[in-house]
Amino acid sequence: QVQLVESGGGLVQAGDSLRLSCAASGRTFISSYAVGWFRQPPGKEREFVAALTWIGSATYYADSVKGRFTISRDNAKNTVYLQMNSLKPEDTAVYYCAAGGGTTNVELTTFYRYWGQGTQVTVSS
């Protein structure tokens, strides 16, 4: 069992940066799983943002964040990060981290077994 807790969200202006953290606890270390970040804008469906596999550490990004966001993990701290640069108002959403090892695509919510409670990111223009 893995518990995930996100932090680092807040209110920023367009062009600013934020780093989200996702601390994992429980019996299983985060290094055993692929990890992902998703977001849910107001009134919209949850959407994929970024993912990092546990074998080879391959990274995947949504086109909307490619070149601006970076996903990383610190296995020693059992923590996953999402560095967000050049933020835009359309990045406003609740951001969720997830961990899992499913058989579907890492960009799909069904790939992940564990989810955090989310952290709000608001970008003003």
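Attention here is on the structure that accompanies the text. (Residues numbered from 1 in each chain as written. Predicted model: local features only at pLDDT ≥ 70, side-chain atom pairs only at ≥ 80, totals over all residues. Heavy atoms only, no water.)

## Digging into unusual backbone geometry
Applicable threshold: A run of DSSP states H or I qualifies as a helix once it reaches four residues; a run of E qualifies as a strand once it reaches two. Both are numbered from the N-terminal end. Burial status follows relative accessibility: with a 1.4 Å probe on protein chains alone, a residue under 20% of its type maximum counts as buried, one over 50% as exposed, and anything between as partly exposed.
In the Ramachandran plot, Asn78 falls in the positive-phi region, its phi being about 55 degrees despite a non-glycine side chain. Along the chain, the position of Asn78 falls in the loop between strand 7 (69–74) and strand 8 (79–84). For Asn78, a relative accessible area of 9% translates into the label buried. Phi at Ser86 takes a positive value of approximately 50 degrees, unusual for a residue other than glycine. Looking at the element boundaries, Ser86 is found in the loop between strand 8 and strand 9 (93–100). Looking at Ser86, the relative accessible area reads 40%, which means it is partly exposed.

## Thoughts on the pattern of salt bridges
Inclusion rule: Any Lys or Arg side-chain nitrogen found within 4 Å of a carboxyl oxygen on Asp or Glu counts as a salt bridge.
As enumerated under the stated definition, the model contains 4 salt bridges in all. Residues Arg39 and Glu47 are paired through a salt bridge, measuring 2.7 Å at the closest nitrogen-oxygen approach. On the accessibility criterion, Glu47 (29% relative accessible area) is partly exposed. A salt bridge links Asp91 to Arg68, with the nearest nitrogen and oxygen atoms 2.8 Å apart. Placement of the pair is Asp91 in the loop between strand 8 and strand 9 and Arg68 in the loop between strand 6 (59–61) and strand 7, with a sequence separation of 23 residues. The class of Asp91 is buried, set by a relative accessible area of 1%. On the accessibility criterion, Arg68 (10% relative accessible area) is buried. A cluster of three or more residues bridged by salt bridges with shared partners is formed by Arg39, Glu47, Arg68 and Asp91.

## Quick look at the packing of aromatic side chains
Put simply, the rule is: Here the aromatic set is Phe, Tyr and Trp, taking the six-membered ring for Trp, and pairing holds for ring centres within 6.5 Å; pairs whose planes are under 30 degrees apart are stacked, those over 60 apart are edge-to-face, and all others are tilted. We call a charge positioned above a ring when the Lys NZ or Arg CZ atom is no farther than 6 Å from the ring centre and deviates by at most 35 degrees from the ring normal.
Under the definition given, this model contains 6 aromatic pairs. Between Phe38 and Phe48 the ring centres are 5.7 Å apart and the planes differ by 75 degrees, which places this aromatic pair in the edge-to-face class. On the criterion of sequence distance, the pair formed by Phe38 in strand 4 (residues 34–40) and Phe48 in strand 5 (residues 47–52) is long-range, its members being 10 residues apart. A residue is classified by how much of its surface remains accessible, and Phe38, at 1% relative accessible area, is buried. Ring centres of Phe38 and Tyr112 lie 5.4 Å apart, and the angle between their planes is 80 degrees; on these two criteria the pair is classed as edge-to-face. Note that Phe38 is positioned in strand 4 and Tyr112 in the loop between strand 9 and strand 10 (114–115), a separation of 74 residues in sequence. Residues Phe38 and Tyr112 agree in their burial class; the two are buried. Lying across the ring of Tyr96, Arg46 places its NZ or CZ 3.7 Å from the centre.

None of this, on its own, says anything about what the molecule does.
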